[in-house]
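# An overview of the molecular structure
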Amino acid sequence: MSVSTAAIDPSVCAPLPVLGQDVTVPLVTGGEVTYAALDYAASAPALQRVWDDVAAYAPYYGSVHRGAGYLSQLSTDLFENSRRTVAEFLGCRAEDQVVFTRSTTDSLNLLAAAIPANCQVFVYETEHHASLLPWRDAQVTYLNAPRTPGQAVETLERALADRDPYGPALVCVTGASNVTGELWPVKELAAAAHAHGARIVLDAAQLAPHHPVDIAELDVDWVAFSGHKLYAPFGSGVLAGRADWLQAAEPYLAGGGASRKVARRADGGVDVDWHTTAARHEAGSPNVIGVYSIASACKALTEAGFDSLVAREQELVGRVREGLAEVPEVQVLSLFGDDAPRVGVISFVVRGWNSSHFAAALSAEYGIGVRDGLFCAHPLVRTLLGSEPQDPGECGAPEAEPGERSLNAIRVSFGAGTPDEHIDRFLRAVTELVREGAQWKYRTEDGRCVPDRGEVARTV
């Protein structure tokens, strides 16, 4: 997969309006500053368009599928139209199903529960835990981190060639790393999987908000992503793709909505006729507002011109990488090298700094929100840092004291709503912290690095 910015002038594409653009936060050094949200990879701010659409619909909210009233019928139409909008956004094939879930994690756990018995699953150690861990009832082969896209394909082909050729198999791979932002060779991996009789699911949690995803063009069997990373709040996600394994599996949740008919038997038991549509795995009252927010975000990104959004983001990626490269103490983490295409997700460490201390100083002294830790991708970050499994550091809970080196990293991430000023402030802050040190002293409290109130480290 490649990112093309040809014939597009990034300057003509302004940031999309998002909530929180004018929110101010206090600085430990005094005063307030507009908050720079640079943690899009965790949860992106909601698009203003999404919020407005949801607000307009909210008075008409009603139960879906099972209500005779006008509002219920309107909500049902909105819910099913949202399904069609998502299918169009993903380039779904005519026979594909779109199942609404809570998140990417929920989507992949749903698929894990639906895979056939004796299914072999192949997953790289580089995956987010959402796609690394759900396959508990399967025979799992964990693949070592590749160092080039070509090596990723070769590693998969070798593993698939050694598998049982007669049983079902599934490959799980990310589209864009939540740690390095690097794009994976999804189309080539899909071709390798299919050549060996396996299927493939794409974790698009970090890809879909930054780059068009087309199921048919990539030739993947399923795609999973989350609304909260696609500028859509309210806790909803998507699993889209082939219907056969989903139709053959027991419902993910048993309950109303998944069942078409329930009847008592003469022996006192219960017979259930389950739906074969997406409703089979959508038991209970669905998150209508969450689903609608995803559809609204899909429309907003499409109408804004995804090519222009990609081009502007690539310009920001270049600026961040160039700015970090000017600070010798900064090491940017990468699997595939400096020339690898990537989305707006960049992780790094700073020589002589505990990553959590650095992230805390960015927040407290500059009003910049980033992420520190192992980003729920522990094996990958440890591999990139050359650490051993028993070395200190865990996701979001540093064990080192402020100022000490830790085996965690710092992640800056941005997207369609990021103003230029946030990028400029971030680069200036990194440079000042490295060259001059933090203005304040910090301590560890409840697993987080926080300012020590009243303890000034240096004067300005």
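Everything below is about the structure shown above.
Presented here is an overview of the structure given in this document. Because the structure is predicted, anything quoted here is derived from the model rather than measured.

Thresholds applied
- Residues numbered from 1 in each chain as written.
- Predicted model: local features only at pLDDT ≥ 70, side-chain atom pairs only at ≥ 80, totals over all residues.
- Heavy atoms only, no water.
- Helix = DSSP H or I, 4+ residues; strand = E, 2+ residues; numbered from the N terminus.
- Rg over C-alpha atoms; globule rule 2.2 N^0.38 Å.
- Buried < 20%, exposed > 50% of the residue type's maximum accessible area, 1.4 Å probe, protein only.
- Contact = heavy atoms within 4.5 Å.
- Areas by Shrake-Rupley, 256 points an atom, 1.4 Å probe, with all protein chains shown as cover.
- Lys, Arg positive; Asp, Glu negative; His and termini not counted.
- Charge placed at Lys NZ, Arg CZ, Asp CG, Glu CD.
- Pairing = 2+ DSSP bridges.
- Axes fitted to C-alpha atoms, helices over the stretch in contact; angles between N-to-C directions.
- Salt bridge = Lys/Arg side-chain N within 4 Å of Asp/Glu carboxyl O.

## Focus: the overall build of the protein chain
- Helices and strands together make up the secondary structure of the protein chain, namely 13 helices and 19 strands.
- Scaling as 2.2 N^0.38, a compact globule of 460 residues should have a C-alpha radius of gyration of about 23 Å, and the protein chain matches this with 23 Å.
- By principal-axis analysis of the C-alpha atoms, the protein chain measures approximately 80 × 55 × 50 Å.
- Residues counted as buried form 55% of the 460 residues belonging to the protein chain.
- Within the protein chain, contacts between residues at least 6 apart in sequence are counted, and of these 70% link residues at least 24 apart.
- Accessible surface, the protein chain as shown: approximately 19200 Å² in total, 49% of it carbon and sulfur.
- The distance from the centre of the 37 positive side-chain charges to the centre of the 58 negative ones in the protein chain is 4 Å.

## Let's talk about the sheet that holds strand β17 (residues 409–413)
- Spatially, 4 strands are ordered β13-β14-β17-β16 in an open sheet, and the strand pairing comes out antiparallel. Of all strands in the sheet, those with a lone pairing partner are β13 (330–332) and β16 (371–373), marking the two edges. Pairwise comparison of adjacent strand axes, ignoring direction, gives a mean angle of 30° for this sheet.
- Judged from the 3 bridges that link them, β16 and β17 form a sheet pairing that is antiparallel. Looking at β17, one finds that Asp 372 is bridged to Ile 410.
- Sheet contacts for helix α10 (residues 306–325): β13, β14 (345–350) and β17; angle to β14, the most-contacted strand, approximately 10°.

## Re the pattern of salt bridges
- For the coordinates displayed, the defined rule picks out 24 salt bridges.
- For Arg 83, the salt bridge is made with Glu 282, and the minimal N-O distance between the two is 2.9 Å. Placement of Arg 83 in helix α2 (residues 70–89) and of Glu 282 in the loop between β12 (270–274) and α9 (288–304) is noted, with a sequence separation of 199 residues between them. Here Arg 83 matches Glu 282 in class, with each residue buried.
- Between Asp 96 and Arg 93 there is a salt bridge; the shortest N-O distance is 2.9 Å. Here the two residues Asp 96 and Arg 93 agree in accessibility, since each one is buried.
- Members of the salt-bridge network, linked through shared partners, are Arg 312, Glu 315, Arg 319, Asp 420 and Asp 424.

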